[in-house]
Amino acid sequence: MSYAVQTSDISKFPIPSGVFVEKVISVEHYTDELFKFRITRPASFRFRSGEFVMIGLPNAEKPVFRAYSIASPNWDEELEFFSIKVPNGPLTEHLQKIKPGDQVLMRKKPTGTLVNDALLPGKRLWMFSTGTGIAPFASLIRDPETYEKFEEVILTHTCRTVAELKYGQDLVEQIKHDPLVGEFAGGLRHYCSVTREDYEFQGRITDLMVSGKLFDDLDVPIISPKVDRAMICGSMDMLKDTKEALEGFGLNEGANNRPDTFVVERAFVG
Ligand code: A2P
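1. Overview of the overall build of the protein
Broken down by element type, the protein carries seven helices and eleven strands. Its C-alpha atoms give the protein a radius of gyration of 19 Å, near enough to 18 Å, the size a compact globule of 270 residues would have. C-alpha atoms of the protein, sized along the principal axes, occupy 60 × 35 × 35 Å. Sequence-distant contacts in the protein: of pairs separated by 6 or more residues, those separated by 24 or more amount to 73%. A total accessible area of about 12700 Å² is found for the protein, and carbon and sulfur atoms account for 50% of it. Taking the 32 positively charged and 39 negatively charged side chains of the protein as two groups, their mean positions are separated by 5 Å.

2. Description of the packing of aromatic side chains
Scanning the entire structure with this criterion turns up 13 aromatic pairs. With centroids separated by 5.5 Å and ring planes inclined at 5°, the aromatic side chains of Trp-126 and Phe-128 adopt a geometry described as stacked. For the pair shown, Trp-126 and Phe-128 are each scored as buried. Seen from their ring centres, Phe-215 and Phe-249 are 5.7 Å apart, and the 85° between their planes marks the pair as edge-to-face. Placement of the pair is Phe-215 in helix α6 (residues 213-218) and Phe-249 in the loop between α7 (236-248) and β11 (262-264), with a sequence separation of 34 residues. Among the aromatic side chains, those forming a connected cluster through ring pairs are Phe-35, Phe-37, Tyr-68 and Phe-81.

3. Regarding unusual backbone geometry
Unlike most non-glycine residues, Asn-88 shows phi in positive territory, near 60°. Considering the arrangement of structural elements, one finds Asn-88 in the loop between β5 (78-84) and α1 (92-95).

4. With respect to the domain arrangement of the protein
In terms of domain boundaries, the protein breaks down into domain 1 (7-107) and domain 2 (116-264). For domain 1 and domain 2, the distance between their C-alpha centroids amounts to 25 Å. The interface is formed by 21 residues belonging to domain 1 together with 20 residues belonging to domain 2. Both faces combined, the contact of domain 1 with domain 2 buries some 1600 Å², and carbon together with sulfur accounts for 60% of it. When residues of domain 1 are sorted by the area they lose upon contact with domain 2, Tyr-30, Trp-75 and Phe-82 head the list and together hold 34% of the total. Where domain 1 packs against domain 2, one counts two salt bridges.

5. What to know about the site of the ligand
Looking at the ligand, the residues that line it are Thr-130, Thr-158, Cys-159, Arg-160, Thr-195, Arg-196, Arg-204, Thr-206, Ser-235, Asp-237, Met-238 and Asp-241. In the model, an oxygen atom of the ligand is placed 2.6 Å from a nitrogen or oxygen of the Thr-195 side chain. Between the ligand and Arg-204 there is a distance of 2.9 Å, counted from an oxygen atom to a side-chain nitrogen or oxygen. The protein chains hide 80% of the 540 Å² of surface that the ligand would expose on its own.

6. Things to note about the pairing of β5
The buried fraction of β5 is high, at five of seven residues. Pairing geometry for strand β2 (residues 34-40) and β5, over seven bridges, is antiparallel. Directly across from Thr-40, in β5, lies its bridge partner Glu-78.

Definitions and limits used
Along each chain, residue indices are assigned from 1 in the same order as the chain's sequence is written. With pLDDT at 70 or above as the cut-off, local features in this predicted model cover only qualifying residues; side-chain atom pairs require 80 or more to be listed or tallied, and sums for whole chains, interfaces and linings still use all residues. To get the side-chain values, all heavy atoms of the structure are used, and hydrogens and water are removed first. The helix and strand labels rest on DSSP assignments: H or I over at least four residues marks a helix, E over at least two residues marks a strand, and numbering proceeds from the N terminus. Each radius of gyration is computed over the set of C-alpha atoms, and the globule rule expresses the reference value as 2.2 Å times the number of residues to the power 0.38. Contacts are residue-level and defined by heavy atoms, with any inter-residue pair within 4.5 Å sufficient. Each accessible area is a Shrake-Rupley estimate made with a 1.4 Å probe; only the visible protein chains count as cover when residues are assessed. Only four residue types enter the tally: Lys and Arg on the positive side, Asp and Glu on the negative side, with His and both chain ends excluded. The atom standing in for a charge is NZ when the residue is Lys, CZ when it is Arg, CG when it is Asp and CD when it is Glu. Centres within 6.5 Å make a pair out of two Phe, Tyr or Trp rings, where for Trp the six-membered ring is used; the pair is then stacked when the planes are under 30 degrees apart, edge-to-face when over 60, and tilted otherwise. For the exposure calls, accessible area comes from a 1.4 Å probe over protein chains only, and a residue counts as buried if that area is under 20% of its type's maximum, exposed if over 50%, partly exposed in between. Delimitation of the domains relies on an automatic or database domain assignment. Buried area counts how much accessible surface, traced with a 1.4 Å probe, disappears from two parts once they are put together, with both parts' losses summed. Salt bridge, as applied in this entry: a Lys or Arg side-chain nitrogen positioned within 4 Å of an Asp or Glu carboxyl oxygen. Any residue with a non-hydrogen atom lying within 4 Å of a molecule or strand is treated as near it. Identification of polar contacts relies on pairs of N or O atoms within 3.5 Å, with a donor-acceptor requirement for protein atoms, meaning one able to donate a hydrogen and the other able to accept it, and with residues adjacent in sequence counted only if both atoms are side-chain atoms. If DSSP finds at least two bridges between two strands, the strands pair.

Have a look at this one:
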C-alpha cells in the first residue's frame, strides 16, 4: 500500500526540521481515557524495541511534542502507540481525535532505557507496568530477541479499572496465536491487577511484591539478583516505589552504558 502525501494533505503550517510526516492507519479507543493508534513507518527509521520517540501534530506554527513509547516491535512495518487522553492536554486533546489518513509528526531520533541491552543476562525478565506504561513492553514482548535472552518473561500490568487492562489482554492473546512471534513466546506470562474495582487479582504491584502474593500467585521464587531482571514503566510515584521494592530484593539500577539488573524509563514524567 502506498501512503504518498497528497498536495491537499499538506499542513498549512511549516513542517519543523528533523521530523517525519506519517499517516494514521488505524485508531482504536478502549475507554474514555485510553486509545491506540498505528501510523506508517518511514523506510529509513530504525529503533530498538522498547525505545520511545517524540510525537506531535501539524496543527501549529510550533507543534507540541510528547514522548511516546513505540508499542510495536522493531520488525513491524507500521508503528503503534498507546495513549492516554489528558483532559485539556495540549497534544492529546487533539491527538485523541485523529482518524485514518490524518498526518502525525514524529521526531527522527528514538531513545530510551527499556532495552534488552541495558540488562545483564538473566533467566527471568519482569516487566512492571501501570496504565499506558505497558506500551514499551508491548514492543518487547513481540520481539523474538527478548525470548532469546530470557527463558521466562513476566509482564505485570496494574490499572485502576478492568476496562483499562484490555489493550494488554488483547495483545497477549494475539501474540500467543501469532504464527511468527507465537513460537517464541512460550515463556510469556501476563499478570494483571486492578486497584479500584473488584477483580481476580487486586492491589498495587508494589504491595503485591512486598507481601509476596505476586510470587505465590505466579508460583515463582521471590525475586533474586542471581536470576531475575526487571524493567519498570509507569507514573513517577510508581517508578520510585517499584524501584525501592526491587532494591529491597537486591537488584541494582542499570543504564544503556552500564547494564545491571533493572532499568527504569523516566521519559514520561516530571
Ligand atoms: P491506585 O488506584 O491505588 O492509585 P495512575 O493512573 O494514577 O498512574 O495509576 C495507574 C495504576 O497505578 C493504578 O492502579 C494505581 O493504583 C497504581 N499506582 C499509582 N501510584 C502507584 C505507586 N506509587 N506504586 C504502585 N502503583 C501505583
